[in-house]
Amino acid sequence: MTRKLAKRVGARLIEIDSADDFADIRRIVRQMGDDVGEPARAAELIRHMDAELADLAAHPPKRRLRVVAWSGGASVPGQHTLTNEIITAAGAVNIAAQPGRNYSTFDVEELLVADPDALLYGGVREGPPSLRSEQGQHRIVRELYGNRRITYNEAAHECGLPQSADSAVALRRALDALPPRGPTL
Amino acid sequence: VKPAPRFVVPLLSLAALVLAAVASLFLGRVQVSPADLFHGVMNPHLNLAGLVVTELRLPRAILAILVGASLGLSGAVLQGLLRNPLAEPGLLGVSSGAALGAVISIYFGLAHNFGLATPLLGMVGAIGAGALTFAFGRGSTLTLILAGAAVSGLMGAFLAMALNFAPSPYAAYEMSIWMLGSLSDRSWDHILLAAPFIGVGLVILATMGRAMDALALGEAQALSLGIHLDRTRVLALLGVGLAVGAATSVTGSIGFIGLVAPHLVRPFVGHQPSRTLLPSALIGAALLLIADIGTRIIPTSSELRLGVLTSLLGAPFFFWLVVRLRKTAP
């Protein structure tokens with residue numbers, strides 16, 4: 001509706017895809033740069049993003065930690081999601097990335113059996129606590145992963161921008177800072 | 001069908017419930033052999049199989065029993081009280097009122113400041129919606145059903161308004177999903193929160209057999225037998241509000257169990273309303289357990305929500321009921 005109205009009044013409209021990986025982000029930023037007459041600034045943003053990603057790749061962690069973005073099990077990002085791309089760039093493994101499962105249910109039972117090294121918790125957003133943040137507080141998850149839960153800005157994982165590389169850098173730092181794991185189940 | 005002896009149907013219903021409960025402990029999205037689960041529970045040390053049973057599947061099964069019994073018993077009481085085979089908590093706006101109360105509490109973060117906010121607001125919503133229905137629908141069963149539809153619509157509109165003014169698309173999505181109903185990832189915390197209120201509601205509803213039997217003869221006859229009609233209605237409303245309100249506040253909306261359970265038992269117990277109460281509660285619990293097992297073992301990447309499954313299974317039953325009523329209507 002908004003696009004129709006904008007076209008009707010003759011407003012200039014630029015339409016872009018959503019980004020599910022860093023290749024998408026490069027393509028979209030270039031397109032935006034060309035469309036608004038700022039290709040050099042677009043190239044600079046991409047250069048900065050690629051430099052951060054290259055630095056992460058050049059200094060891989062000693063062990064690739066197994067993680068999952070879990071804020072309640074109703075809809076967990078798997079393959080072909082920006083979250084998966086950020087986790088991979090940070091040097092970790094997304095255990096929810098199963099073939100054919102982009103967003104899927106990953107209940108506490110599956111979580112316990114999969115035994116991830118850490119949980120990425122995106123349930124906290126600005127404003128009052130949401131329904132999902134309530135669901136992400138299962139008592140057994142609190143007990144087993146209370147000190148191995150990394151809070152992240154979920155919006156930054158859903159809207160692909162050059163700054164998504166910053167999210168990967170932040171995630172790497174958070175993973176490096178995790179305390180050593182105790183005995184597992 | 002000739003009514004079975006008094007104890008047979010409750011015993012058979014209990015057997016069905018026990019079977020469903022045991023099955024629910026052994027079936028889940030993750031396959032663990034019954035032997036491993038048994039050894040895990042017996043092992044005093046912290047272990048995966050033990051946790052799966054004691055912290056996940058057992059509380060889930062107990063919650064399913066409590067919620068299913070609430071819905072089944074509420075349906076039986078409402079059908080007896082209103083002398084209408086279509087009556088159930090959802091039809092009278094009670095379920096949607098409870099969902100509205102619970103969504104307000106959880107969404108605005110009231111539960112973080114006061115632990116009992118969700119069940120309390122769920123019950124306030126349920127009792128408020130039921131009271132509105134009874135207030136506007138007094139007079140005849142038809143007006144009561146119409147009032148129920150109106151109140152359901154009103155509660156639905158308020159829920160839609162909450163979605164409308166959600167501060168982000170994520171929040172709106174979360175609310176929509178939550179309202180589809182689920183027992184997934186529920187814990188002992190949820191049972192501790194809801195069970196006391198559900199228990200009181202069930203006790204109130206279980207004591208209504210005599211009034212329902214008298215009402216089956218007609219209101220004038222019930223009055224002559226010493227039944228206080230207004231007090232009976234208020235008690236029914238309170239019982240349904242407590243049980244369904246607390247149940248909905250921890251599971252979201254789950255439809256049709258309250259409608260189906262009494263109809264499944266009625267052919268075997270005859271048409272004495274009080275005899276439907278206990279079997280309806282037991283069958284309601286068994287039905288919800290079976291539906292919950294279905295949501296776990298039906299192979300879908302995203303969980304089939306419990307409320308969706310009960311509606312998919314219950315709607316054809318509703319059609320069958322309407323067709324049967326048309327055939328038997330004078």
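Before reading on, note that the structure itself is shown above.
What counts, and at which threshold
Residues numbered from 1 in each chain as written. Chains lettered and ligands numbered in written order. Predicted model: local features only at pLDDT ≥ 70, side-chain atom pairs only at ≥ 80, totals over all residues. Heavy atoms only, no water. Helix = DSSP H or I, 4+ residues; strand = E, 2+ residues; numbered from the N terminus. Buried < 20%, exposed > 50% of the residue type's maximum accessible area, 1.4 Å probe, protein only. Contact = heavy atoms within 4.5 Å. Areas by Shrake-Rupley, 256 points an atom, 1.4 Å probe, with all protein chains shown as cover. Lys, Arg positive; Asp, Glu negative; His and termini not counted. Charge placed at Lys NZ, Arg CZ, Asp CG, Glu CD. Salt bridge = Lys/Arg side-chain N within 4 Å of Asp/Glu carboxyl O. Buried area = accessible area lost by both parts, 1.4 Å probe. Polar contact = N/O pair within 3.5 Å; in protein donor to acceptor, adjacent residues only side chain to side chain. Nonpolar A, V, L, I, M, F, W, Y, C, P; charged D, E, K, R; others polar. Pairing = 2+ DSSP bridges. 1 Å grid on protein atoms, 1.4 Å probe; cavity = no way out; pocket = protein on both sides within 12 Å on 5 of 7 lines; lining within 4 Å. Points joined across faces, edges and corners; volume = space filled by probe spheres on them.

Colleague: Describe the overall build of chain A, naming the residues involved and giving the relevant values.
Modeller: Helix and strand counts for chain A stand at nine helices and six strands. The C-alpha extent of chain A, read off along each of the three principal axes, is 60 × 40 × 30 Å. Taking all 185 residues of chain A together, 43% fall into the buried category. Restricting to contacts in chain A with at least 6 residues of sequence separation, those with at least 24 account for 69%. Accessible surface, chain A: about 9,600 Å² in total, of which carbon and sulfur atoms supply 53%. The centroid of the 24 positive side-chain charges in chain A is displaced by 1 Å from the centroid of its 25 negative side-chain charges.

Colleague: Give me the pattern of salt bridges: which residues, what numbers.
Modeller: Residue and element names in this part refer to chain A. Applying the stated criterion across every chain, the model contains 20 salt bridges over all chains. With a closest N to O distance of 3.3 Å, R27 and D17 form a salt bridge. Of this pair, R27 sits in helix α2 (residues 22-35) while D17 sits in the loop between α1 (2-8) and α2, and the two are ten residues apart along the sequence. Given a relative accessible area of 38%, R27 falls into the partly exposed group. Between R181 and D117 there is a salt bridge, and its shortest N-O distance comes to 3.4 Å. A residue pair is termed long-range when its members are at least 10 positions apart, and R181 in the segment after α9 (164-176) and D117 in the loop between α5 (108-114) and β5 (118-121) qualify at 64 residues. Through salt bridges with shared partners, a single ionic network connects R63, D115, D117 and R181.

Colleague: Explain the interface of chain B and chain A to me, and be specific about the residues and the numbers.
Modeller: In this complex, chain B contributes 33 residues to the contact, which on the side of chain A involves 30 residues. Across the chain B/chain A interface, buried area totals approximately 2,900 Å², and carbon plus sulfur atoms make up 61% of it. On the chain B side of the interface with chain A, the three residues burying the most area are Y170(B), E174(B) and D185(B), jointly 20% of the side's total. The tally of links from chain B across to chain A stands at five salt bridges. Between E110(A) and R29(B) there is a salt bridge; the shortest N-O distance is 2.8 Å. Run the count over chain B and chain A and you get nine residue pairs in polar contact (both at pLDDT 80 or more). Listed by contribution, the elements that provide at least two residues to the side of chain B that touches chain A are α3 (48-82), α4 (94-107), α5 (110-113), α8 (169-178) and α9 (188-206) of chain B. In terms of residues, the side of chain B that touches chain A owes the most to one element, α3(B), which gives seven residues. Grouping the constituent residues of the side of chain B that touches chain A by class yields 15 nonpolar, eight polar and ten charged.

Colleague: Now, about the sheet that holds β5(A): what can you tell me, with residues and values included?
Modeller: Residues and elements named next belong to chain A. Reading across from one edge, β3-β1-β5-β6 is the order of the four strands in this open sheet, with parallel pairing throughout. This sheet does not close on itself; its edge strands, each paired only once, are β3 (93-94) and β6 (149-151). Taken together, the three bridges between β5 and β6 define a ladder with parallel strand orientation. Considered in β6, the bridge of L120 is made with I150.

Colleague: How would you summarise empty space enclosed by the protein if you had to cite specific residues and measurements?
Modeller: The tally for this structure, following the rule as stated, stands at two cavities of 30 Å³ or more. Each pocket or cavity is described by its volume, and for the largest cavity that value is around 60 Å³. In terms of lining residues, the largest cavity is bounded by D107(A), V108(A), E109(A), L56(B), R57(B), R60(B), D185(B) and R186(B). Of all elements in the fold, only α5 of chain A together with α3 of chain B reach the threshold of two or more residues within the lining of the largest cavity. The greatest single-element share of the lining of the largest cavity, amounting to three residues, is contributed by α3(B). Residues belonging to the lining of the largest cavity are distributed by class as follows: two nonpolar, no polar and six charged.

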